[in-house]
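# Secondary and tertiary structure notes
The chain contents come next:
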Amino acid sequence: MAATTEPTSGPAPTGAGAGGVSGTIRYWAAAKAEAGLAEEPYRAGTLAQALEQARQRHADRPRFLQVLGHSSFLVDSAPVGGRDHTTVALTEGGTVEVLPPFAGG
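A brief look at the structure comes next. Everything numeric here is computed off the predicted structure, so don't read it as measured data.

### Some words on the overall build of the protein
When you go through the protein residue by residue, the secondary structure sums to 3 helices and 5 strands. Starting at the N terminus, the α and β elements of the protein follow one another as β-α-β-α-α-β-β-β. Burial analysis of the protein (105 residues in total) assigns 32% to the buried set. In the protein, 61% of the contacts between residues at least 6 apart in sequence involve partners at least 24 apart.

This is the structure in structure tokens:
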């Protein structure tokens, strides 16, 4: 998309807004067990912000924090891989999947 100087009216760009966008974090396998739930909402602009919220909500669960630190992530079904989480923008109504390491590959 070419850069323009158009006003920012209309739908908010991906991850935009002071409060970010709303979506769902889904936990799988050990992440689900340690979080004590399958999913929860977030309001954030980036993956890093959404994960920080999860860390704060589950600060009393050290195993959750450990599992989260070893997990892989999908954002709207796309693998995050090694990208810096502060650069991964979230979309309104989007989904973050938390995938802990699985035995056997």
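### With respect to unusual backbone geometry
Positive phi outside glycine occurs at Asp76, with the angle close to 50°. Mapped onto the secondary structure, Asp76 falls in the loop between β3 (72–75) and β4 (78–79). Despite not being glycine, Ser77 shows a phi value in the positive range, around 70°. Given the relative accessible area of 66%, Ser77 is considered exposed.

### Let's talk about helix α2 (residues 47–57)
Helical geometry note: an α-helix holds 3.6 residues per turn, so side chains three or four residues apart project in the same direction. Of the positions making up α2, those classed as buried are Leu47, Ala50, Leu51 and Ala54. For α2, the angular spread of the buried residues around the axis is 95°, confining them to a single face. Among the structural elements, β1 (21–27), β2 (39–44), α3 (62–70), β3 and β5 (94–99) are those in contact with the buried residues of α2.

### Re the nonpolar core
Of all hydrophobic cores here, the largest spans 21 residues; its most connected members are Ile25, Tyr27, Leu47, Phe73, Leu90 and Val96. Counting only elements with at least two residues in this core, the list comes to β1, α1 (29–35), β2, α2, α3, β3 and β5. Residues within four places of Leu47 in sequence aside, it is in contact with Phe73, Val75, Val80, His85, Val88, Leu90 and Val96.

### Considering the environment of Phe102
Counting through the fold element by element, Phe102 comes out in the segment after β5. Sequence separation of Phe102 and Ala29 is 73 residues, and the distance between their C-alpha atoms is 8.2 Å.

Conventions we followed
- Once a new chain begins, its residue numbering starts again from 1 and follows that chain's sequence as written.
- Where local features are concerned, this predicted model is filtered to residues with pLDDT of at least 70; where side-chain atom pairs are given and counted, the filter is 80 or more; whole-chain, interface and lining totals use all residues.
- Note that the side-chain values use all heavy atoms of the structure and ignore hydrogens as well as water.
- Only DSSP runs of H or I reaching four residues or more are called helices, and only runs of E reaching two or more are called strands; each is numbered from the N terminus.
- For the exposure calls, accessible area comes from a 1.4 Å probe over protein chains only, and a residue counts as buried if that area is under 20% of its type's maximum, exposed if over 50%, partly exposed in between.
- Working rule for contacts: check all heavy atoms of both residues, and any pair within 4.5 Å makes them a contact.
- Arc definition: directions from the helix axis to the C-beta atoms.
- We define a nonpolar core as any set of buried Ala, Val, Leu, Ile, Met, Phe, Trp, Tyr and Cys residues linked to one another through side-chain atoms lying within 4.5 Å.

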